[in-house]
Amino acid sequence: MSKESQMRAAINQKLIEMGERERLKELLRAKLIECGWRDQLKAHCKDVIREKGIENVTVEDLVAGITPKGRALVPDSVKKELLQRIRAFLAQHAT
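Computed from a predicted structure; not experimentally measured.

Reading guide: rules and limits
- Residues numbered from 1 in each chain as written.
- Predicted model: local features only at pLDDT ≥ 70, side-chain atom pairs only at ≥ 80, totals over all residues.
- Heavy atoms only, no water.
- Helix = DSSP H or I, 4+ residues; strand = E, 2+ residues; numbered from the N terminus.
- Expected span 1.5 Å × (residues − 1).
- Buried < 20%, exposed > 50% of the residue type's maximum accessible area, 1.4 Å probe, protein only.
- Contact = heavy atoms within 4.5 Å.
- Arc of directions from axis to C-beta.
- Axes fitted to C-alpha atoms, helices over the stretch in contact; angles between N-to-C directions.
- Parallel < 35°, antiparallel > 145°, perpendicular 65-115°, else oblique.
- Left-handed = near helix turned anticlockwise from the far one by under 90°.
- Nonpolar A, V, L, I, M, F, W, Y, C, P; charged D, E, K, R; others polar.
- Core = buried A, V, L, I, M, F, W, Y, C linked by side-chain atoms within 4.5 Å.

(A) Just helix α4 (residues 59-73), in detail. Here α4 spans 20 Å end to end across 15 residues, near enough to the 21 Å set by a 1.5 Å rise per residue. Those residues of α4 that fall on the buried side of the exposure criterion are Leu62, Ile66 and Gly70. Turning to α4, the residues buried within the fold contact α3 (37-52).

Here it is, written out as structure tokens:
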């Protein structure tokens, strides 16, 4: 396991232990709904299903088709806010 992988695992463990991961997930969920991301992705899903036909689309196809677009649609401001919160958490709970 690389040093970076170990660091990520340690940070993730700390976020889980302190309950911060759940708080961050809730914040992300709320921000994405607030900025219209969820509606945009829902519309994209409908477009993909319309294009391929409901009988010809599997969940795996849908996930593979919308994941890149979903990631690209997340506003930079949301990404920055989450990163800021994670950094503040780590600074506060540095061991």
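(B) Spotlight on the side chain of glutamate 20. Note that glutamate 20 resides in helix α2 (residues 20-34). The residues touching glutamate 20, leaving out its near neighbours within four places in the chain, are Leu15 and Phe89.

(C) Seen up close, α2. Over its 15 residues, α2 extends 21 Å from the first C-alpha to the last, a length consistent with the 21 Å expected when each residue adds 1.5 Å. When we look at burial in α2, the residues that qualify are Glu20, Leu24, Leu27 and Leu32. On an axial view of α2, the arc spanned by its buried residues comes to 130°, and they lie on one face. If you follow the buried residues of α2, they end up packed against α1 (3-17), α3 and α5 (76-92).

(D) Seen up close, the packing of α2 against α5. Put simply, α2 and α5 touch, their axes get as near as 11 Å, and they point 165° apart. On the basis of their axis angle, the class for α2 and α5 is roughly antiparallel. Between α2 and α5 lies a crossing whose hand is right-handed. Every residue of α5 that contacts α2 at Glu20, Leu24, Leu27, Leu28 and Lys31 is listed here: Val78, Glu81, Leu82, Arg85, Ile86 and Phe89. Here the contact of α2 with α5 is built from residues that sort into seven nonpolar, no polar and four charged.

(E) How the structure looks around the nonpolar core. Ranked by size, the top nonpolar core spans ten residues in total: Leu32, Trp37, Leu41, Cys45, Val48, Val57, Leu62, Ile66, Val74 and Val78. Taken together, the elements giving at least two residues each to this core come down to α3 and α4. Tallying contributions element by element places α3 first for this core, with four residues. Those residues in contact with cysteine 45 that lie beyond four places of it in its chain are Leu62 and Ile66. Core analysis: the second largest hydrophobic core is formed by five residues, Leu15, Leu27, Leu82 and Phe89 among them.

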